Amino acid sequence: MSSMKEQIESLLSEVSALKASTEKEVEEARVKYLGKKGEITKLFEEFRTYPSELKKEFGQRLNSLKKEAMSKIEELRESASALTATQQSKDDVSMPGDPLPLGSRHPVSIARQQIINIFRKFGYDVAEGPEVEDDYHVFEALNFPPNHPARDMQDTFFVSVGHPNPLLLRTHTSSVQVRTMEKMQPPIRVICPGRVFRNEAISARAHCIFHQVEGLYIDENVSFADLKQAILLFAREMFGPDTQIRMRPSYFPFTEPSAEVDVSCNICHGKGCNICKGTGWLEILGCGMVDPNVLEASGIDSKKYSGFAFGMGIERIAMLKWQVNDLRHYFENDVRFLREFGTCVEV
Ligand code: PHE
């Protein structure tokens, strides 16, 4: 009976040395040892014919051989199927990739680009200038009297004081209009987008940093009617073709006459709601005819040329367009807020 013992021993060592790299090879090994005509199955058949005292001797060994073979085959099957899976994913170039979380443009950038695109269509160029400016370009050249309250420390962040022309953070981008007029003669048609700074307490309606787009148009015979038409066309492109505008008299040192412009409320269409506070109108910008003193200060002949200027806050336009009721959302960069603008596209 040593042959049974030897067979079990040699099958045990064969089984533990088994190797298979594909699922097909694993199945072949299973059939070879555990199939109907497999070698281990054959030993069991032989075992059945043994007298009971021999059964005692080999029963346990045979069972553990079978267990060993089954667990080895299972182990080989698992590693072969894992291998097939990685090979398949390596080879299958049509499989969808892992999606990368994409950012979206900031609503202030989207609104700025929309404003720029509208004025580009009207023939305006884009001009930029420094954020740290001097008193001359922010105030003096724009006809601010020397003791005008806007120069006060309340509104302006001064970088250097005590100098006749102190450095400061620009409070509006009208300074870029001055720099443009210094560099070129009419016809001038520019818009000046950029960041501006005012020493204000941060609230839902005010921030110490915000963005503006200001515009300037100078040529012969430019009239208030041209200004009104330019603003109307802009408002309709920005807020929809049914938008109406109204102008209210106002005051700026650098324009005369000056006006503030309201658009008809795009939520209630003029009926009155809580966004327009029941008036049906929303203020969007300040504007006016460039004061001759401003033209002359930058070397432009005010007898030959006239022009208009306007300025708007980008955050305000974006708030009205997308009904955002708190300015602080634009600066906190909460991704839940920013994601809402992922599908907004530029015009
Ligand atoms: N510069 C003004 C402001 O910042 C806006 C403005 C620009 C008004 C041009 C009139 C003309 O408030």
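Reading the values: rules and limits
- Residues numbered from 1 in each chain as written.
- Predicted model: local features only at pLDDT ≥ 70, side-chain atom pairs only at ≥ 80, totals over all residues.
- Heavy atoms only, no water.
- Patch = residues over 30% accessible without salt bridge, like charges linked within 9 Å, V, L, I, M, F, W, Y side chains within 5 Å.
- Areas by Shrake-Rupley, 256 points an atom, 1.4 Å probe, with all protein chains shown as cover.
- Salt bridge = Lys/Arg side-chain N within 4 Å of Asp/Glu carboxyl O.
- Helix = DSSP H or I, 4+ residues; strand = E, 2+ residues; numbered from the N terminus.
- Buried < 20%, exposed > 50% of the residue type's maximum accessible area, 1.4 Å probe, protein only.
- Axes fitted to C-alpha atoms, helices over the stretch in contact; angles between N-to-C directions.
- Parallel < 35°, antiparallel > 145°, perpendicular 65-115°, else oblique.
- Contact = heavy atoms within 4.5 Å.
- Nonpolar A, V, L, I, M, F, W, Y, C, P; charged D, E, K, R; others polar.
- Near = heavy atom within 4 Å.
- Polar contact = N/O pair within 3.5 Å; in protein donor to acceptor, adjacent residues only side chain to side chain.
- Expected span 1.5 Å × (residues − 1).
- Pairing = 2+ DSSP bridges.

What follows is about a nonpolar patch on the surface. The grouping of V132, V159 and L167 at the surface amounts to a nonpolar patch, some 230 Å² of accessible area in total. Along the chain, L167 falls in strand β3 (residues 167-169). Assessed through its relative accessible area of 38%, L167 is described here as partly exposed.

Relative to each other, helix α5 (residues 107-121) and helix α10 (residues 314-322) sit at 100°, their axes nearing to 9 Å. When the axis of α5 is compared with that of α10, the two are roughly perpendicular. Where α5 abuts α10, its residues P107, V108, I110, A111, R112, Q114 and I115 lie against I314, E315, I317, A318, K321 and W322. Per-class residue counts for the contact of α5 with α10 are nine nonpolar, one polar and three charged.

Right, let's talk about the site of the ligand for a bit. Contacts to the ligand come from 13 residues, most closely from H172, S174, R198, Q212 and E214. One nitrogen or oxygen atom from the side chain of S174 is found 3.1 Å from a nitrogen atom belonging to the ligand. At 2.9 Å from an oxygen atom of the ligand is found a side-chain nitrogen or oxygen belonging to R198. Within the residue set of the shell around the ligand, elements represented by two or more residues are β5 (209-219), β8 (281-290) and β9 (306-313). Here the shell around the ligand takes three residues from β9, the largest share from any one element. The residue makeup of the shell around the ligand, split by class, is five nonpolar, six polar and two charged.

This part is about helix α8 (residues 224-239). With 16 residues, α8 should cover 22 Å at 1.5 Å per step; its first-to-last C-alpha distance of 22 Å lies within 8% of that length. Every buried residue belonging to α8 is among L227, A230, I231, L232, F234, A235, M238 and F239, and all of these are buried. Just past α8, the residue G240 takes up positive phi, approximately 120°.

Under the defined criterion, the tally for this structure stands at 15 salt bridges. Its salt-bridge partner being E133, residue R179 comes within 2.6 Å of it at the nearest N-O pair. Of the two residues, R179 is situated in helix α7 (residues 174-183) and E133 in strand β2 (residues 132-134); the sequence distance between them amounts to 46 residues. On the accessibility criterion, R179 (25% relative accessible area) is partly exposed. What makes E133 buried here is its relative accessible area of 1%. The closest approach of N and O atoms between E260 and R248, which form a salt bridge, is 3.4 Å.

Let us now look at the pairing of β5. Counting buried positions over the 11 residues of β5 gives nine, a clear majority of the element. Two strands pair when backbone bridges link them, and β5 and β9 are joined in this way by eight bridges, in the antiparallel orientation. Residue pairing for β9: Y217 is matched across the bridge by F308.

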